[in-house]
Protein chains: 2
Amino acid sequence: MNETHRIRPDPGDERLTVTYAGRDQAGGAVELATIVERPLELRLNGHDVVTLMTIGAQPDLLAVGYLFNHNLLRRGDAIEEIALDEAGGRIEVRIERAIDWSAGPRDPDGALGGAAGTAFGALIADLERAELEGSAVVRAPWVFQLQNAINATPSLYQKAGALHACVLCEEDEPLVYVEELGRHGAMDMIAGHMVLNGIDGADKMLYTTGRLTHGMVIKAVKMGVPVLLTRSGFSSWGVELARKAGLTMIGRIRGQRFVVISGEERVRD
Amino acid sequence: MNETHRIRPDPGDERLTVTYAGRDQAGGAVELATIVERPLELRLNGHDVVTLMTIGAQPDLLAVGYLFNHNLLRRGDAIEEIALDEAGGRIEVRIERAIDWSAGPRDPDGALGGAAGTAFGALIADLERAELEGSAVVRAPWVFQLQNAINATPSLYQKAGALHACVLCEEDEPLVYVEELGRHGAMDMIAGHMVLNGIDGADKMLYTTGRLTHGMVIKAVKMGVPVLLTRSGFSSWGVELARKAGLTMIGRIRGQRFVVISGEERVRD
């Protein structure tokens, strides 16, 4: 991967934190750096899609990744414009393809949060049709090296807490490291980066600080990344979907230990 | 509070976890208890409201609390029936009052996730009108005693991880301790318990394992609880809304330390 495609958190970016005066347990004055939370209205071809809560680090990645992960943007769509109105809290994506909104999801934000409705049904169908690349492998030492490298990278989390990270990795190397308010937003940002830079997921891994629920599994499969790593754990539905899709999931990464709960055929010593 | 109103997690409840066979980092066989994630369709007076993802521990509390926190159920509404179809993944709440759906939020689930739209506007207006009880206090030793008591209570989190907790507390005592997949669901369950048992929040505190974002602040104010405690941190919008509403927020609770970021007038040594 080209060096220009690499991303690291920028804890020095003053737009992303606010410092408040507070008190400690003994009443002493303290200053606390707090992560910014701001609304971002996302529009596609002039149509309101959703209002996302975001720290605002890279709204273009968040917007494109959200649209891709919710089936509103397809691989190969020509993106004509991404117009950010930062003061107005609005981002507009324009693509060449005309979208038939009548056939699309009525509530794209609910699509991954709910089991009912056609949008979710379509995502599950996608998952069952998915063919994840079979030749990818993951070696146990890479997992520990990635965890160490990610923990050692200066981040907004270290400065202000209350954030999730998602990192696109190749072998033992973290390539694209983003942070957001929620685990889904961070994963959407990685999807946006992959779409905008034409990055193939077949030889990559996704590391997340969040729980691996059904929604995270559906996104990884959609992004074509065959290996999901988390320091956290799994939900039952996440495990069942991952096994169905042939996705490798490794979690509970602590020190020199982890658990492989699906797709163990990709894991080597 | 009556003893019958107390709730503790039940890690022995076999409906709430699934044990999967997995591998450890060296390829050895391991068994991993994983939290159940299942969809629950919520209906109010015959109208589809939302599909929630839940562990399914107490769907009645989740349903009633969700409806209350999203302004669909009001304090004092007569609840005629709560009908759970566990196999069908559906819960139906019936109240006496006829609901004018044309005036209500089109997408109640989006209401707390987005800044746009009338539903969110109404919640912010509620917050600005809110008068949190001014006489409540919180003493620093209670915070540490609560954190220790909560950490020492057997929980699903200890067994299966990947969960958030919310605990309704009075002075140094955890009264109602619930767990859910997400921080919002856990808080909604507490709201459901308060509504169903007519519990007043003015002399209570809410402890959460999650981040205190704008949505968590809006819910605490709606529930009439003047003190929010978290082991995690804050977002900027959460801090700004809490200060506006006169809500006390204490976070970053670790060992014998914490930070008070708003409403410090309620905190005593």
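In what follows, the structure referred to is the one given above.
To start, this report covers the structure provided alongside it. The shown structure was predicted, so the numbers you read here are calculated from the model rather than taken from an experiment.

Conventions used here
Residues numbered from 1 in each chain as written. Chains lettered and ligands numbered in written order. Predicted model: local features only at pLDDT ≥ 70, side-chain atom pairs only at ≥ 80, totals over all residues. Heavy atoms only, no water. Helix = DSSP H or I, 4+ residues; strand = E, 2+ residues; numbered from the N terminus. Buried < 20%, exposed > 50% of the residue type's maximum accessible area, 1.4 Å probe, protein only. Contact = heavy atoms within 4.5 Å. Areas by Shrake-Rupley, 256 points an atom, 1.4 Å probe, with all protein chains shown as cover. Pairing = 2+ DSSP bridges. Axes fitted to C-alpha atoms, helices over the stretch in contact; angles between N-to-C directions. Parallel < 35°, antiparallel > 145°, perpendicular 65-115°, else oblique. Nonpolar A, V, L, I, M, F, W, Y, C, P; charged D, E, K, R; others polar. Least-squares fit on C-alpha atoms with pLDDT ≥ 70 in both. Buried area = accessible area lost by both parts, 1.4 Å probe. Salt bridge = Lys/Arg side-chain N within 4 Å of Asp/Glu carboxyl O. Polar contact = N/O pair within 3.5 Å; in protein donor to acceptor, adjacent residues only side chain to side chain. Right-handed = clockwise from strand over helix to strand, strands pointing away. Expected span 1.5 Å × (residues − 1).

Regarding the overall build of chain A
Part 1: Secondary structure summary: chain A contains eight helices and 14 strands in total.
Part 2: Within chain A, the fraction of its 269 residues that count as buried is 57%.
Part 3: Here the contacts in chain A between residues at least 6 apart in sequence split such that 55% fall between residues at least 24 apart.
Part 4: A total accessible area of about 10600 Å² is found for chain A, and carbon and sulfur atoms account for 45% of it.

Overview of the sheet that holds strand β3 (residues 38–44) of chain B
All names here are of chain B.
Part 1: Pairing in this open sheet of four strands is mixed, and the strands run β4-β3-β6-β5 from one edge to the other. Only two strands of the sheet have a single partner each, and these edge strands are β4 (47–54) and β5 (79–85). The mean angle between the axes of side-by-side strands here comes to 20°, regardless of whether they run parallel or antiparallel.

Overview of the packing of helix α6 (residues 183–197) of chain A against helix α7 (residues 214–222) of chain A
Residue and element names in this part refer to chain A.
Part 1: The geometry of α6 relative to α7 is characterised by a closest axis approach of 11 Å and an angle of 0° between their N-to-C directions. One finds that α6 runs roughly parallel with respect to α7. Within the contact between the two elements, α6 uses Arg 183, His 184, Met 187 and Asp 188 and α7 uses Gly 215, Met 216, Lys 219 and Ala 220.
Part 2: Tallied by class, residues from the contact of α6 with α7 come to three nonpolar, two polar and three charged.

Concerning the relation of the copies chain A and chain B
Part 1: Mapping chain A onto chain B calls for a rotation angle of 180° and an axial translation of 0.0 Å; the resulting RMSD is 0.0 Å. These values place the two chain copies in the arrangement generated by a two-fold rotation axis.

Side note on the interface of chain A and chain B
Part 1: On the side of chain B, 57 residues touch chain A, which itself brings 57 residues to the contact.
Part 2: When chain A packs against chain B, close to 4200 Å² is buried across both sides, 53% of that on carbon and sulfur atoms.
Part 3: Of all residues in chain A, Tyr 20, Gln 25 and Glu 37 of chain A give up the largest surface area on contact with chain B, accounting jointly for 17% of the area buried on that side.
Part 4: For the interface between chain A and chain B, the tally reads two salt bridges.
Part 5: Across the contact surface, chain A and chain B share 24 residue pairs in polar contact (both at pLDDT 80 or more).
Part 6: Counting residues per element, the ones that place at least two in the side of chain A that touches chain B are β1 (17–24), β2 (29–35), β3 (38–44), β4 (47–54), α4 (140–152), α5 (156–160), α8 (236–245) and β13 (257–262) of chain A.
Part 7: Residues of the side of chain A that touches chain B, tallied by class, amount to 26 nonpolar, 17 polar and 14 charged.

As for the pairing of strand β12 (residues 248–254) of chain B
Residue and element names in this part refer to chain B.
Part 1: The element β12 is extensively covered by neighbouring structure, given that five of its seven residues are classed as buried.
Part 2: With three bridges connecting them, strand β11 (residues 227–230) and β12 associate as parallel partners. Bridge pairing in β12 links Val 227 to Thr 248.
Part 3: The β-α-β motif built from β11, the intervening helix α8 (residues 236–245) and the parallel element β12 has right-handed crossover chirality.
Part 4: Bridging between β12 and strand β13 (residues 257–262) involves four bridges; their strand directions are antiparallel. Across the sheet, Gly 251 pairs through a bridge with Val 259, a residue of β13.

A word on the pattern of salt bridges
Part 1: For the coordinates displayed, the defined rule picks out 24 salt bridges over all chains.
Part 2: Residue Glu 170 of chain A is joined to Lys 204 of chain A by a salt bridge in which the shortest nitrogen-to-oxygen separation is 3.6 Å. Of this pair, Glu 170 of chain A sits in strand β8 (residues 164–170) while Lys 204 of chain A sits in the loop between α6 and β10 (205–208), placing them 34 residues apart in sequence.
Part 3: Linking Glu 264 of chain A and Arg 23 of chain B is a salt bridge whose minimum nitrogen-to-oxygen distance equals 3.1 Å. Of the two residues, Glu 264 of chain A is situated in the loop between β13 and β14 (267–268) and Arg 23 of chain B in strand β1 (residues 17–24); the pairing between them involves two chains.
Part 4: Here the salt bridges share partners, and the residues they tie into one network are Arg 43, Asp 48, Glu 92 and Arg 94 of chain A.

Examining the side chain of Thr 34 of chain B
Residues and elements named next belong to chain B.
Part 1: Within the secondary structure, Thr 34 sits in strand β2 (residues 29–35).
Part 2: On the basis of relative accessibility, which here comes to 1%, the residue Thr 34 falls in the buried class.
Part 3: In terms of polar contacts, Thr 34 uses its side chain to reach the backbone carbonyl oxygen of Leu 32, at 3.5 Å.

Some details on the environment of Glu 171 of chain A
Part 1: Looking at the secondary structure, you find Glu 171 of chain A in the loop between β8 and β9 (173–180).
Part 2: Excluding anything up to four places from it in sequence, Glu 171 of chain A contacts Trp 142, Leu 146 and Met 205 of chain A.

Notes on the packing of helix α1 (residues 59–69) of chain A against α6 of chain A
Residues and elements named next belong to chain A.
Part 1: Interhelical geometry of α1 versus α6 gives an angle of 90° and a closest axis separation of 6 Å. Taken together, the axes of α1 and α6 are roughly perpendicular relative to one another. Across the interface between the two elements, Asp 60, Leu 61, Leu 62, Val 64, Gly 65, Tyr 66, Phe 68 and Asn 69 of α1 pack against Gly 185, Met 187, Asp 188, Met 189, Ala 191, Gly 192, His 193, Val 195 and Leu 196 of α6.
Part 2: Along the lines of polarity and charge, the residues of the contact of α1 with α6 split into ten nonpolar, five polar and two charged.

A look at the sheet that holds β9 of chain A
Part 1: Sheet architecture is open: eight strands sit in the order β9(A)-β8(A)-β10(A)-β11(A)-β12(A)-β13(A)-β1(B)-β2(B), paired in mixed fashion. Among the strands making up the open sheet, the edge pair consists of β9 of chain A together with β2 of chain B. If you compare each strand with its neighbour and ignore which way they point, the axes differ by 30° on average.

Things to note about helix α6 (residues 183–197) of chain B
Residue and element names in this part refer to chain B.
Part 1: Its 15 residues place the ends of α6 22 Å apart at the C-alpha level, agreeing with the 21 Å of an ideal helix rising 1.5 Å per residue.
Part 2: Burial analysis of α6 places eleven of its 15 residues in the buried class, the great majority of the element.
Part 3: Along α6, the residues classified as buried are Arg 183, Gly 185, Ala 186, Met 187, Asp 188, Met 189, Ile 190, Ala 191, Gly 192, His 193 and Met 194.
Part 4: Looking at the packing, one finds that the buried side of α6 touches α1 (59–69), β8 (164–170), β9 (173–180), β10 (205–208), α7 (214–222) and β11.
Part 5: Looking one or two residues beyond α6, the residue adopting positive phi is Gly 198, at roughly 60°.

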